[in-house]
Amino acid sequence: MKVYSKHVVLVLLIGAFILSFTFVPAAYGLSDAYKNNIYNPGILKSKNSVLKVKIGKPAPDFTLKAVSGEMVSLRQYRGKKNVVISFVPAAWTPVCSDQWPGYNIAQDIFDEYDAILLGITVDNIPTLFSWTNQMGNLWFPVLSDFWPHGKVAASYGVLRSDGVSERALFVIDKKGIIRYIDVHDINKRPPLEDIVKELEKLK
Amino acid sequence: MKKILGCWLLVIMLLLAVASSLTAASYPPPVVGGTLPDIKLPIPKDSADKNYLGLGFFGFGSFKIPEIKAKLVIIEIFSMYCPYCQREAPNVNQLYAKIEQNPALKGKIKIIGIGAGNTSFEVGTFKKKYNVSFPLFADENYVIHKIVGEVRTPYFIGVKINSDGSHQVIHSKLGNLEGVDQFLEMIVKLSGL
C-alpha cells in the first residue's frame with residue numbers, strides 16, 4: 001500500500017510537470033513589424049538567477065554605450081530624474097520585441113513622473129541597432145551590456161546561466177536608491193501599470 | 001511490481017497524450033465565407049461606446065460581435081506594444097471618420113479593436129495616445145487572440161451581419177489597411193451594402 005502511494009504521488013508530480021508546460025500561453029500577439037525574423041526560443045524557465053540588489057539600497061552604478069553612440073551612466077540622473085531600468089533577455093525574440101515599443105508610446109507617463117527609461121540587453125550594438133529600428137524612433141536610450149558580457153546584469157543579479165538577462169524592471173529614485181524590483185517571468189511581459197503604480201509612489 | 005510499473009507507464013502516456021493534444025489545439029484565423037469563433041466581449045462601461053455599438057444604455061455583462069447593431073463590423077486585432085499597430089492607428093482613425101461622415105455608411109459599419117495581451121490600462125494608453133474614438137477591448141490573457149488563430153498584429157476581420165442575426169466573415173487579413181479609401185471601397189463592395 002505504501003509503495004502504491006509513493007507511485008501515485010510520483011505520477012501526480014510528473015503529470016503536474018507535463019501539464020505546467022502545456023498551459024503556458026504560446027501566444028504573444030507579435031507585431032507584423034518583425035515579419036518572420038523573430039526567433040522563438042520556446043518556453044524558458046521563468047527565472048534563472050539570484051538577485052544581488054535590494055529595495056532600499058543604492059543601485060549599482062554603470063556606464064554603457066547606447067545605440068545612439070553616447071555613453072550613458074546611471075549616476076548622470078542622480079538628483080535629476082527617477083530611473084526605470086528595463087532589462088530584456090534578447091533582441092529578436094518574441095516577448096522582448098513587443099515590450100519597448102509599448103513604452104515608446106508612454107513617454108507622457110514617464111514625463112509625468114519625472115522619470116527616464118533605460119533599456120538594457122546583453123546584445124551588441126549592431127544587433128540592437130537593427131532590432132530597435134523596427135520599433136520606430138525610441139525616445140529612451142537603449143544600452144548594450146555586451147562586453148564585458150552582461151557585467152551590469154550580473155551586478156544586479158539578473159544574468160541568467162545561459163548568458164542572457166532576466167526580464168526585469170528596477171525603479172530607482174533621484175537619490176539613486178532602488179525602490180522597486182520586478183524580476184518577471186521571462187516568458188511574460190510585465191503590465192505597463194506596474195511601472196506606473198511604482199512611479200506614482202515616488203511623487 | 002510489473003503490474004504497478006505497467007499502470008505507471010499507462011498513466012504517463014495518457015498524461016502525455018492529453019498534454020500534446022492541448023498543445024496542438026490551435027485555432028485557424030477566421031476564414032472568409034465562414035463564421036467567427038465564439039468571441040465574448042464585455043459591454044463597455046462608457047456610454048458613448050455602448051451607444052455606438054447599439055447595446056442599449058442599461059446593458060451590462062457580455063455580448064457577442066453579431067449582436068452589434070450594424071450591417072458590417074470591422075475588427076482590428078492590435079496591441080499597444082505593436083509598432084505597426086501604432087503606425088496604423090491614424091489610418092484606422094481616418095477610416096472611422098470617413099464612415100461616420102458618410103450618411104450612407106454611418107450606423108451601418110462599426111469598428112472595434114481587440115488588444116491582444118493588453119490590459120485595460122494598456123488599451124486605455126493606446127486609445128488616449130492616438131485619440132481612438134471607437135471601442136477598444138482588452139484581451140489580457142490572449143483568450144480571444146488564441147481563438148482567432150494567434151495572428152500577428154495588426155489583423156483586420158470584416159464581418160457581415162445579416163438581418164436574421166446570422167453572420168459571415170467577408171475579410172480576414174494580416175497587415176495594414178493598404179490605403180483607407182481602397183479598404184473602405186473593398187469592404188463595402190464585399191458586404192453588399
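Residues numbered from 1 in each chain as written. Chains lettered and ligands numbered in written order. Predicted model: local features only at pLDDT ≥ 70, side-chain atom pairs only at ≥ 80, totals over all residues.

Visitor: Talk me through the overall build of chain B; I want residue IDs and the actual numbers.
Guide: Tallying secondary structure elements over chain B gives six helices and seven strands in all. Counted from the first residue to the last, chain B has its helices and strands arranged as α-β-α-β-β-α-β-α-β-α-β-β-α. Burial analysis of chain B (193 residues in total) assigns 37% to the buried set. For chain B, long-range pairs separated by at least 24 residues make up 64% of all intrachain contacts whose partners lie at least 6 apart in sequence. (Helix = DSSP H or I, 4+ residues; strand = E, 2+ residues; numbered from the N terminus. Buried ≥ 20, exposed ≤ 12 C-beta atoms within 10 Å, placed from the backbone. Contact = placed C-beta atoms within 7 Å.)

Visitor: With reference to specific residues and values, describe the sheet that holds strand β4 (residues 115–121) of chain A.
Guide: Residues and elements named next belong to chain A. In spatial order, the strands read β2-β1-β5-β4-β3-β6-β7; together these seven strands make up an open sheet with mixed pairing. The open sheet has two free edges, formed respectively by β2 (71–73) and β7 (178–184), since each of these has just one partner strand. On average, each strand axis in the sheet is inclined to that of its neighbour by 30 degrees, with strand direction left out of account. Strand direction decides the pairing type here: strand β1 (residues 63–66) and β2, joined by three bridges, are antiparallel. Across the sheet, the residue bridging to Thr63 is Ser73, located in β2. Across the sheet, helix α5 (residues 125–133) lies against β1, β4 and β5 (142–144), angled at about 155 degrees from β5, the strand it touches most. (Pairing = 2+ DSSP bridges. Axes fitted to C-alpha atoms, helices over the stretch in contact; angles between N-to-C directions.)

Visitor: Explain the pairing of strand β7 (residues 167–174) of chain B to me, using residue names and the numbers behind them.
Guide: Residues and elements named next belong to chain B. Note that strand β6 (residues 155–161) and β7 share seven bridges and pair antiparallel. Bridge pairing links Lys160 to Gln168 in β7. In sequence, β6 turns back onto β7 through a hairpin of five residues, with Gly165 there showing a positive phi of about 90 degrees.

Visitor: Give a detailed account of the packing of helix α3 (residues 83–101) of chain B against helix α6 (residues 180–191) of chain B, specifying residues and quantitative values.
Guide: Residue and element names in this part refer to chain B. As a packed pair, α3 and α6 sit with axes 10 Å apart at the nearest point and diverge in direction by 50 degrees. Judged by the angle between their axes, α3 and α6 are oblique. Considering only the axes of α3 and α6, their crossing is right-handed. Contacts between α3 and α6 involve Asn91, Gln94, Leu95 and Lys98 on the former and, on the latter, Val180, Phe183 and Leu184. Looking at the contact of α3 with α6, its residues break down into four nonpolar, two polar and one charged. (Parallel < 35°, antiparallel > 145°, perpendicular 65-115°, else oblique. Left-handed = near helix turned anticlockwise from the far one by under 90°. Nonpolar A, V, L, I, M, F, W, Y, C, P; charged D, E, K, R; others polar.)

Visitor: If you had to explain the nonpolar core to someone new, which residues and values would you point to?
Guide: Residues Phe170 of chain A together with Val73 and Ile75 of chain B are the most contacted members of the largest nonpolar core, which totals 92 residues. Excluding residues within four positions of it along the chain, Val73 of chain B makes contact with Ile65, Ile68, Lys110, Ile112, Val159 and Ile161 of chain B. (Core = buried A, V, L, I, M, F, W, Y, C linked by C-beta atoms within 7 Å.)

Visitor: So, the sheet that holds β6 of chain B: which residues are in play, and what are the values?
Guide: All names here are of chain B. Judged by pairing direction, the sheet is mixed, and its five strands sit side by side in the order β5-β4-β3-β6-β7 without closing on themselves. Of all strands in the sheet, those bounded by a partner on one side alone are β5 (136–139) and β7. Strand-to-strand twist in this sheet, taken as the mean axis angle between neighbours without regard to direction, amounts to 20 degrees. In this structure, strand β4 (residues 109–116) lies alongside β5, joined through four bridges in parallel fashion. Its bridge partner lying in β5, Gly113 is registered against Leu136. Relative to the sheet, helix α4 (residues 120–130) contacts β4 and β5, its axis offset from that of β5 by approximately 145 degrees.

Visitor: Before we move on, can you summarise the environment of Pro29 of chain B with the specific residues and values?
Guide: Residues and elements named next belong to chain B. Relative to the helices and strands, Pro29 resides in the loop between α1 (2–23) and β1 (40–42). Assessed through the 18 C-beta atoms surrounding it within 10 Å, Pro29 is described here as partly exposed. Sequence separation between Pro29 and Glu150 is 121 residues; the distance between their C-alpha atoms is 7.4 Å. Those residues in contact with Pro29, other than ones at most four positions away along the chain, are Val148, Gly149, Val151 and Ser172.

Visitor: Account for unusual backbone geometry, naming residues and giving values.
Guide: In this structure, the amide linkage connecting Trp147 of chain A to the following residue, Pro148 of chain A, adopts the cis form with an omega of -10 degrees. Secondary-structure assignment places Pro148 of chain A in the loop between β5 and α6 (151–156). Here Thr153 of chain B and Pro154 of chain B are connected by a cis peptide whose omega angle stands at 0 degrees. Mapped onto the elements of the fold, Pro154 of chain B is located in the loop between α5 (143–147) and β6. You will see that Asp114 of chain A, though not glycine, has its phi angle at about 55 degrees, which is positive. Counting through the fold element by element, Asp114 of chain A comes out in the loop between α4 (107–112) and β4. Of note, Glu150 of chain B is a non-glycine position whose phi angle comes to about 50 degrees, a positive value. Secondary-structure assignment places Glu150 of chain B in the loop between α5 and β6.

Visitor: Describe the confidence of the model for chain A, listing the residues and the values that go with them.
Guide: Per-residue confidence for chain A gives a mean pLDDT of 88, with 86% of residues at or over 70. Note that residues 15–26 of chain A has pLDDT below 50 and, in this model, twelve contacts with residues that lie over four places away or in other chains. (pLDDT = per-residue confidence, 0-100.)

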